[in-house]
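Spelled out from the first residue to the last, the chains are:
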Amino acid sequence: MPPPPTPSASATSARSASASAACAPDSAASGPSASACAPSAPAPALALLASLLGFTVITVDVSAVNIALPAIRTSLHGGMAGLQWVVDAYTLMFAALMLSAGALADRAGARRAYVCGVGLFTLASLACALAPGIGALVAARVAQGGAAAIVMPASLALIRQAYDDPRRRARAIALWTVGGSVAMAAGPVLGGVLTEAAGWRAVFLLNLPLGAVILALLARTAPSPRRPAPLDLTGQATAVLALAGLAFAVIEGGHLGWTSAPVLGAAALAVAAGLGFHAAEKRHAAPMVPLGLLRERKVAVSLAIGFAVNAGFYGIVFLLGLYFQQLRGMSAIAAGLMFVPLAVIITSTNLVSPRMAERIGRRRVIVAGQAVLALAMFVLLPLAADTPLWLVLVLLVPTGMGGAFAVPALTALLMDAVPAHRAGTASGLLNALRQTGGAMAVALFGALLATEGGTGFSVPGMREALVAVGLLLCGTTALAAWLLPRDGRS
């Protein structure tokens, strides 16, 4: 259940959206009447609806699966490590492939990339629903995450193609953003209803008819332009290996032991792949992550903050899904409903944040948002099985406000810190680091939450995880206060 997107965060697709500047028509557009750089305009409403539905599907899937985790554990007889992989297999592939998804959309054309992404996501959802065990489910979630990484930038590039007028395009992106917030609110409730009424597999089966509707809409939109965007395959491969090795070490370290051979091997792989990634990006003529960007102070600080903010948010969502059902014995539907106030707070705060940034400056908004989210980690420390539900909801208020307050200003700051032609790269990198922060938090929380035997819910482990992430957020709050510029809007 990721934080709701903001229009500025939508710059992930800026590189893909630039396809109209230098392009060649995709095969479906070729013909006597096709123009190399001026394809026939798509039906804007259909393109927007297709983009909105696609983004909604990948958002609902994440939040709904969090509620279905206890049922998955019972059905497939998996332990806490298995549940962590069900979440992180999706998130890690989403994060890693986000780095080059924009270039893929450029090369294939937005519509074609979107068709491929939605089609793969639909098939992977079917594989999830039919999974006979945890291993098969995790493998299918890997495919889902890869498909979602394609869907995200391609959906926004499709909107860019459909709306030439900047004001109409801004309204379309705003609707796309609102759709993410609504999906986030509906996901846990929908996941709870489907899990109780038809079983956890229904959460994935729901994606099949939705995928069919999206593909039908795409069939009625115009072909998209393409341009020869370079791919950095070595960098992409080493990024996937580094993230996978790191996640394995953190997840399995809590279950196999931190000094066990598989854990040490995974850690070594993560380090080696990370060094390989650095070497590949340094030598590649068109790296997907230009190392010079990371030397820019605003960029480096923004990436660290994005990692920490999502670590706090994803960690809390993963924690709450298990807390409500395993520790308190709530039904899946009741647990899902507990997330609705949180989603309302996030959506409302997202609307306020840009205005506050204009009034008091982005730096202050970013620092305040992180400080509130750090506070959220510590105020949740007293949670127990008998904590009154009204108090739980009150304690969750800082969680909803903190990240939603900081992220819009953070993304805007990052976009202003890089040249226009690097906007897509920088935003893709920010989103990748945010997803990675979420994945690492799930790995950490899961490793500490599991009781001996991996079947219970450890309250002391929960508190250790909250303190760890809270301290991380305190560190990035201090980093922002110290290093971000104090002048004007920044």
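Not measured: the values here are computed from a predicted model.

Engineer: I tried to follow the overall build of the protein chain on my own but got confused; where do I start?
Structural biologist: Looking only at helices and strands, one finds 19 helices and two strands in the protein chain. Counting the 490 residues in the protein chain, one finds 58% classified as buried. Sequence separation of at least 24 residues holds for 84% of the intrachain contacts in the protein chain that already meet a minimum separation of 6. By element, 69% of the accessible surface of the protein chain is carried by carbon and sulfur atoms, the whole surface being about 18,100 Å².

Engineer: Whenever I open this one, the pattern of salt bridges confuses me. Can you help?
Structural biologist: Between side chains of opposite charge, a pair can form when the charged atoms approach closely. Tallying each qualifying case throughout the model produces two salt bridges. Here Arg141 and Asp61 are joined by a salt bridge, their closest N and O atoms 2.7 Å apart. Taken together, the residues span a long stretch of sequence, with Arg141 in helix α5 (residues 134-162) and Asp61 in helix α2 (residues 44-76) at a distance of 80 residues. Here Arg141 and Asp61 have matching classes, each one buried. For Arg362, the salt bridge goes to Asp416, with nearest N and O atoms at 2.5 Å. Taken together, the residues Arg362 in helix α15 (residues 362-379) and Asp416 in helix α17 (residues 397-417) connect sequence positions 54 residues apart.

Engineer: Any chance you could explain the confidence of the model for the protein chain here in plain terms?
Structural biologist: Segments scoring low in pLDDT should not have their predicted coordinates read at a detailed level. When the pLDDT values of the protein chain are averaged, the result is 82; 86% of them are 70 or greater. Here residues 6-42 is a poorly scored stretch, pLDDT under 50, and it has 89 contacts once near neighbours within four places are set aside; other chains count.

Engineer: It is not clear to me how the environment of Gln326 should be interpreted in this structure. Could you clarify?
Structural biologist: With respect to the helices and strands, the residue Gln326 is situated in helix α12 (residues 297-327). With relative accessibility at 25%, the residue Gln326 sits in the partly exposed group. For Gln326 and Ala385, which are 59 residues apart along the polypeptide, the C-alpha to C-alpha distance reads 9.4 Å. For Gln326, the side chain forms a polar contact with the side chain of Arg73, separated by 3.0 Å.

Engineer: Where do I start with a nonpolar patch on the surface in this structure?
Structural biologist: Nonpolar side chains collect at one region of the surface, where Leu126, Leu130 and Leu205 lie side by side and expose about 260 Å² of accessible area between them. Here Leu130 is to be found in helix α4 (residues 110-130). A relative accessible area of 61% means that Leu130 is categorised as exposed.

Engineer: For this particular structure, what's the right way to read the packing of α15 against α17?
Structural biologist: Packed helices, taken two at a time, are described by the angle between their axes plus the distance between the axes. It is at 7 Å that the axes of α15 and α17 come closest, and there the two elements cross at 150 degrees. By the angle between their axes, α15 is roughly antiparallel relative to α17. Two packed elements cross with a definite hand, and for α15 against α17 that hand is left-handed. Each of Arg362, Val365, Ile366, Ala368, Gly369, Gln370, Val372, Leu373, Ala376 and Val379 in α15 lies in contact with α17, whose residues at this interface are Pro398, Thr399, Met401, Gly402, Gly403, Phe405, Ala406, Ala409, Leu410, Ala412, Leu413 and Asp416. Of the residues assigned to the contact of α15 with α17, the class counts are 15 nonpolar, five polar and two charged.

Engineer: Looking at this structure, how should I read helix α14 (residues 340-360)?
Structural biologist: Counting along an α-helix, one turn takes 3.6 residues, and residues three or four places apart therefore face a common direction. With 21 residues, α14 extends 30 Å from end C-alpha to end C-alpha; this agrees with the ideal 30 Å at 1.5 Å per step. Of all the bends in α14, the greatest reaches close to 30 degrees and is centred on Ser353; the proline Pro354 follows between one and four positions later. Turning to α14, its buried residues number three or more, namely Leu342, Ala343, Ile346, Thr349, Asn350, Ser353 and Ala357. Following α14 by one or two positions, Gly361 has its phi on the positive side, about 100 degrees.

Engineer: Got a minute to help me understand the packing of aromatic side chains in this structure?
Structural biologist: Ring pairs (aromatic) are described by centroid distance and by the angle formed between their planes. All chains considered together, the criterion is met by six aromatic pairs. Taking the centre distance of 6.1 Å and the plane angle of 90 degrees together, the rings of Phe324 and Phe339 count as edge-to-face. Highlighted residues: Phe324 in helix α12 and Phe339 in the loop between α13 (332-337) and α14, separated in sequence by 15 residues. Accessibility classification places Phe324 together with Phe339 in one group, the buried group. Within the aromatic cluster, the residues linked to one another by ring pairs are Tyr323, Phe324, Phe339 and Phe457.

Rules of the game
Residues numbered from 1 in each chain as written. Predicted model: local features only at pLDDT ≥ 70, side-chain atom pairs only at ≥ 80, totals over all residues. Heavy atoms only, no water. Helix = DSSP H or I, 4+ residues; strand = E, 2+ residues; numbered from the N terminus. Buried < 20%, exposed > 50% of the residue type's maximum accessible area, 1.4 Å probe, protein only. Contact = heavy atoms within 4.5 Å. Areas by Shrake-Rupley, 256 points an atom, 1.4 Å probe, with all protein chains shown as cover. Salt bridge = Lys/Arg side-chain N within 4 Å of Asp/Glu carboxyl O. pLDDT = per-residue confidence, 0-100. Polar contact = N/O pair within 3.5 Å; in protein donor to acceptor, adjacent residues only side chain to side chain. Patch = residues over 30% accessible without salt bridge, like charges linked within 9 Å, V, L, I, M, F, W, Y side chains within 5 Å. Axes fitted to C-alpha atoms, helices over the stretch in contact; angles between N-to-C directions. Parallel < 35°, antiparallel > 145°, perpendicular 65-115°, else oblique. Left-handed = near helix turned anticlockwise from the far one by under 90°. Nonpolar A, V, L, I, M, F, W, Y, C, P; charged D, E, K, R; others polar. Expected span 1.5 Å × (residues − 1). Bend = angle between axes of the 7 residues up to and from the residue. Phe/Tyr/Trp six-rings, centres within 6.5 Å; stacked < 30°, edge-to-face > 60°.

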